[in-house]
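Below, each chain spelled out in residue letters.
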Amino acid sequence: MKLQLVTSQPKSPQPLVRFFARGQRSQLPVAVSERTFALSTGSLLHLHESGTLCVGLGDGSTADHFRRAAASATKALRRQGHDACTFDVRGLQEHLGPLVEGALLGSYRFEDFKTADKSTPALASLTLLVPATDARTKAAAQRGLALGQAANRARQIANQPPNVFYPQTLAETAAAIARERKLKLTVLDEKALRKGKFGGLLAVGGGSARPPRLVVLRYDGGRKGEAPIALVGKAVTFDSGGISIKPALGMEEMVWDKCGGCAVLGMMAGVAALGLKQNVVGIIPAAENLLDGLSYRPGDIVTVYDGKHIEINNTDAEGRVILADALGYAVKDVKARQIIDLATLTGAAVVALGDHVAGLWSNHSELRAGLQEAAEKAGEKVWHMPLFPEYEEQIRSQIALIKNSSGRPGGANTAATFLKTFVGDTPWAHLDIAGPAAADKEMAFFARGATGFGVRTVLEYLAGLDD
Ligand code: MN
Ligand code: ZN
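First, a word on scope: everything that follows refers to the structure included in this document.

Each value, and the rule that gives it
Residues numbered from 1 in each chain as written. Chains lettered and ligands numbered in written order. Predicted model: local features only at pLDDT ≥ 70, side-chain atom pairs only at ≥ 80, totals over all residues. Heavy atoms only, no water. Donors = N, O, S within 2.8 Å, 3.2 Å for Na, K, Ca; no water. Helix = DSSP H or I, 4+ residues; strand = E, 2+ residues; numbered from the N terminus. Buried < 20%, exposed > 50% of the residue type's maximum accessible area, 1.4 Å probe, protein only. Pairing = 2+ DSSP bridges. Right-handed = clockwise from strand over helix to strand, strands pointing away. Phe/Tyr/Trp six-rings, centres within 6.5 Å; stacked < 30°, edge-to-face > 60°. Salt bridge = Lys/Arg side-chain N within 4 Å of Asp/Glu carboxyl O.

### Some points on the coordination of the manganese ion (ligand 1)
Phase 1: Every protein donor of the manganese ion (ligand 1) is listed here as D239 (OD), D316 (O), D316 (OD) and E318 (OE), and their distances to the metal cover 2.1 to 2.2 Å.
Phase 2: Between the manganese ion (ligand 1) and the zinc ion (ligand 2) the interatomic distance amounts to 3.0 Å, and D239 serves as a bridging ligand to the pair. One end of the pair, D239, is in strand 10 (residues 235–239); the other, E318, is in the loop between strand 13 (309–311) and helix 8 (319–332), and 79 residues separate them in sequence. For the pair D239 and E318, one class covers both residues: buried.

### Details of the pairing of strand 5 (residues 84–88)
Phase 1: Of all the 5 residues making up strand 5, 5 are buried; the element is thus mostly covered by neighbouring parts of the structure.
Phase 2: With burial as the criterion, each face of strand 5 is covered, one bearing A84, T86 and D88 and the other bearing C85 and F87.
Phase 3: In terms of strand pairing, strand 2 (residues 16–20) meets strand 5 through 3 bridges, oriented parallel. Bridging across to strand 5, V17 finds its partner in F87.
Phase 4: Assessed by its sense of winding, the connection that carries the chain from strand 5 through helix 2 (residues 96–107) to strand 6 (residues 125–129) is right-handed.

### A look at the packing of aromatic side chains
Phase 1: Tallying each qualifying case throughout the model produces 8 aromatic pairs.
Phase 2: Consider the rings of F19 and F87, whose centres lie 5.1 Å apart with planes at 75°: the pair is edge-to-face. Of the two residues, F19 is situated in strand 2 and F87 in strand 5; the sequence distance between them amounts to 68 residues.
Phase 3: Judged by relative accessible area, F19 falls into the buried class, the value being 7%.
Phase 4: For the pair F110 and F113, a centre-to-centre distance of 6.0 Å together with 55° between the ring planes defines the contact as tilted.
Phase 5: A relative accessible area of 22% means that F110 is categorised as partly exposed.
Phase 6: Members of the aromatic cluster, connected to one another through ring pairs, are F198, Y305 and Y329.

### Section: the pattern of salt bridges
Phase 1: Within this structure, the stated rule accounts for 26 salt bridges.
Phase 2: Ionic pairing is found between D88 and R90, a salt bridge with its closest N-O pair at 2.9 Å.
Phase 3: R90 gets classed as partly exposed once you look at its relative accessible area, which sits at 46%.
Phase 4: The partner of E94 in a salt bridge is R136, and the shortest N-O contact between them spans 3.7 Å. Of this pair, E94 sits in the loop between strand 5 and helix 2 while R136 is found in helix 3 (residues 135–158), placing the two residues 42 residues apart along the sequence. In this structure, E94 and R136 share a single accessibility class: exposed.
Phase 5: Each of the salt bridges in this network shares a partner with another, and the network as a whole consists of D64, R67, R68, E101, E380 and R456.

Right, here's the structure in full:
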């Protein structure tokens, strides 16, 4: 998308978007009642004659008011067939980043498989009408652009259906990002996974004709030799549950089971676009959980990368089994100084927190607080969840070290506790994004489908380490 800053209103006939907080009703270009235009966040008033779109900011007190207002505007403009618009941001320079970010997030839709007459062009050009094009203003706009594009990249990948997108396609997508952003790429195919004893990926991916991959992207923006931060994302490109098969109703939602890995792909593109001064490694275990004669079974004992043994009692609790390999790799090979993992890990997280909130577990209070603060900035909701020792007893196995499922009580917490087993003393945080990763219907400010949840939170967190 083309982003340009101008100091006088362009003559082109594209819509002009103006923003108004609740207290600014008197500044509206026309007199309208509260009933016609409430000025609540994202409420819209089209003034067709002048080609102006007025957008409510609510009380305009947080970055998210600006983000959502901008998203609401571009979502509506795309629906009307506009692919270009001008934002009047004079007086709003402080909020430029979230405004640009929101413009991108609101404009995105997944239309790869729509017929031409049903599809609409994405936002191709965003012009910002500013008082002055100083370096600070430019930097804020660029930052918003990088964050918005990173999230949309993750959404575009995650929205791909599982018949065209599987572990090898994910590896190829990572290769394209690596080329574009000059990242180092390592892909372990099934042969390399066998040689390296990645028992978790091989077990979970064993039932699919599309074999698993471990995809590793590396960005070196920090000091030479400084231990990197590892971003680990679960990518189960389709989850049937395996032998512990899921009910038919709603199984199609399991196309979203790759959203953690897709978020990490978006983040790695974003880390490079922002030019962060950190060493960051993205690690994506990718597998398809299907059924055939080579599927892993309940009753199996799987030995994962770091040598620990897992009793399998439910093949549908597969995310943690591939993450065990990836976390072991982050500790042993990457020697990460911090690990952040994202996964659509449990239905229990959705039961506990709902569709819009991710659970956050961590063994390190500073990392946890940093992520909470970053999520606040990004307008993504996370909630701190516990790692009590009782959960460890719950997942203890009679025949191996731990079992991969221990039933419904505290299911999101026992899953997080399972992951903790594989990070040792490394500061680690886990985001269970099963709720907010995707929406199966149109949202107020954003399109149906993958949300890119986590991308902007983690980028805000990493950017905060630079300051
Ligand atoms: Mn599953
Ligand atoms: Zn899963």
